[in-house]
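# Descriptive analysis of the structure
This is what each chain is made of:
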Amino acid sequence: MLRDKEKKLIRELWERLIPVAEDIGSDALLRMLVTFPGTKTYFSHLDIRPRSAHLRSHGKKIVLAIAEGAKDISQLTVTLAPLQILHAYQLRITPSNFKLFSHCMLVALACFLGEDFTPVTHAAMDKYLSAFAAVLAEKYR
Amino acid sequence: MVVWSEQERSIINSIFASLDYDDIGPKALCRCLIVYPWTQRYFGGFGNLYNAEAIKTNPMIGAHGIKVLHGLDRAVKNMDDIKNTYAELSVMHSEKLHIDPDNFRLLADCLTIVIAAKMGTAFTADIQAAFQKFLSVVVNALGRQYH
């Protein structure tokens, strides 16, 4: 479970990252698509070449959703309700892929923040992204 | 048979050639113990692991991190037969150390993130993919002799 100190850390960090949502989001997405090619199967309708407009806008969308959830982590289920329905009934992305994206998000954050991505920050972020993914998959079955 | 492209070989060799083992080794192991605290179960005799600061300044952990990182050297030198190169090490991790092989993946992820933090934007998606492919072969090989 996320402790209060961790929730605060996560909330403040994502607030700082909103201005670079497009960069971080598209970087994480690209890393996932290149490192785990099976994930490309969900993007046959988009142009996912590096630096493509689709990649940037889709990455931005994802980061903004993650940042929105971070504003009040105790309300994740409420905040993510529409996205839960989208993923369960329309997108139906196999949930194991959330873990792959989360990992690539952590790598993207490490590249972006360097030494500032301390082990404590990493731990809190990993916990948050796991919670986010779990809530996202809640309506699957 | 794992097939490596020339580019992948070059990426792996380049990363390890410029690797600061004394810096990265301890960082990777510490991060694993902090981010995945259950891994501390294997370090009962290593002294104070009470909090992140204690772990980061623990000299026994630091030394062990360097040792583990050097353990990857043989895989780098024998990329075409990592499976057999690590057969004995795998037996040791299973029968002597009793380490749950899923934890190898966790340490590999932490190592990836430490190197990403060090290299910054130079750690491109292609480099990440090659590095993770290498680590996943190592992780696989280390888990192979568990019966």
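Residues numbered from 1 in each chain as written. Chains lettered and ligands numbered in written order. Predicted model: local features only at pLDDT ≥ 70, side-chain atom pairs only at ≥ 80, totals over all residues. Heavy atoms only, no water.

## A few points about the UniProt feature "domain: Globin" (unreviewed entry) in chain A
Spelled out, the test is: UniProt positions are given in the numbering used here, feature names are shortened, and annotations may be inferred rather than shown by experiment. Only DSSP runs of H or I reaching four residues or more are called helices, and only runs of E reaching two or more are called strands; each is numbered from the N terminus.
Per the UniProt record, "domain: Globin" (unreviewed entry) is annotated on residues 1-141 of chain A. Taken end to end, residues 1-141 of chain A is 70% helix and 0% strand, and its two terminal C-alpha atoms sit 23 Å from one another.

## Focus on the UniProt feature "domain: Globin" (unreviewed entry) in chain B
Under the feature "domain: Globin" (unreviewed entry), the UniProt entry names residues 3-147 of chain B. In this annotation, residues 3-147 of chain B is assigned 70% helix and 0% strand; the end-to-end C-alpha distance for the span is 26 Å.

## Focus on helix 1 (residues 6-17) of chain B
All names here are of chain B. As a reminder of what qualifies: The span expected for a helix works out to 1.5 Å for each residue beyond the first. Remark: exposure states derive from per-residue accessible area (1.4 Å probe, protein chains only) relative to the maximum for the residue type, with buried under 20%, exposed over 50%, and partly exposed in between. Directions pointing from the helix axis toward each C-beta atom define the arc. In this description, contact between two residues means that some pair of their heavy atoms is separated by no more than 4.5 Å.
In this model, helix 1 (12 residues) spans 16 Å end to end at C-alpha, consistent with the 16 Å of a helix rising 1.5 Å per residue. Those residues of helix 1 that fall on the buried side of the exposure criterion are Glu8, Ile11, Ile12, Ile15 and Phe16. For helix 1, the angular spread of buried residues about the axis comes to 120°, placing them on one side. Exposed residues lying more than 90 degrees from the buried face of helix 1 are Glu6, Gln7 and Ala17. Elements in contact with the buried residues of helix 1: helix 2 (21-35), helix 5 (73-77), helix 8 (102-119) and helix 9 (125-143).

## Description of the packing of aromatic side chains
All names here are of chain B. Heads up, the rule is: Each pair of aromatic rings taken from Phe, Tyr and Trp, with Trp reduced to its six-membered ring, is defined by centres within 6.5 Å and is described as stacked if the planes are under 30 degrees apart, edge-to-face if over 60, and tilted in the remaining cases.
Within the structure shown, the criterion is met by nine aromatic pairs over all chains. Arranged with centres 6.3 Å apart and planes meeting at 40°, the rings of Phe16 and Phe131 form a pair that is tilted. Remark: Phe131 occurs in helix 9 and Phe16 occurs in helix 1; sequence separation between them is 115 residues. An identical accessibility class is assigned to Phe16 and Phe131; each is buried. Between the aromatic rings of Phe43 and Phe46, the centroid separation amounts to 4.9 Å while the plane-to-plane angle is 75°, which identifies the pairing as edge-to-face. Exposure class is identical for Phe43 and Phe46. Each is buried.

## A look at the interface of chain A and chain B
For clarity, the threshold we go by: Computed with a 1.4 Å rolling probe, the buried area is the accessible surface lost when two parts are put together, summed over both parts. Each salt bridge in this description consists of a side-chain nitrogen of Lys or Arg and a carboxyl oxygen of Asp or Glu lying within 4 Å of one another. What qualifies as a polar contact is a pair of N or O atoms within 3.5 Å, subject to a donor-acceptor requirement within protein and to the restriction that residues adjacent in sequence count only when both atoms come from side chains. Here the term charged refers only to Asp, Glu, Lys and Arg, the term nonpolar to Ala, Val, Leu, Ile, Met, Phe, Trp, Tyr, Cys and Pro, and the term polar to all other amino acids, Gly among them.
On the side of chain B, 22 residues touch chain A, which itself brings 20 residues to the contact. Here chain A packs against chain B, burying approximately 1700 Å² in sum over the two surfaces, 62% of which is carbon and sulfur. Broken down residue by residue, the surface that chain A buries against chain B is led by A:His103, A:Pro119 and A:His122, which jointly contribute 29%. At the junction of chain A with chain B, the criterion picks out one salt bridge. One salt bridge in this structure joins A:Glu115 and B:Lys27, with 3.6 Å as the shortest N-O distance. Summed over the shared surface of chain A and chain B, the result is five residue pairs in polar contact (both at pLDDT 80 or more). Elements supplying a minimum of two residues to the side of chain A that touches chain B: helix 2 (21-35), helix 6 (96-113) and helix 7 (119-136) of chain A. Looking at the side of chain A that touches chain B, the element that brings in the most residues is helix 6 of chain A, giving six residues. Its residues placed into classes, the side of chain A that touches chain B shows 12 nonpolar, five polar and three charged.

## A closer look at unusual backbone geometry
Despite not being glycine, A:Arg92 shows a phi value in the positive range, around 45°. Relative to the assigned elements, A:Arg92 resides in the loop between helix 5 (81-91) and helix 6. For A:Arg92, a relative accessible area of 57% translates into the label exposed. The phi dihedral of B:His98 is positive, around 55°, even though this residue is not glycine. With respect to the helices and strands, B:His98 occurs in the loop between helix 7 (87-96) and helix 8.

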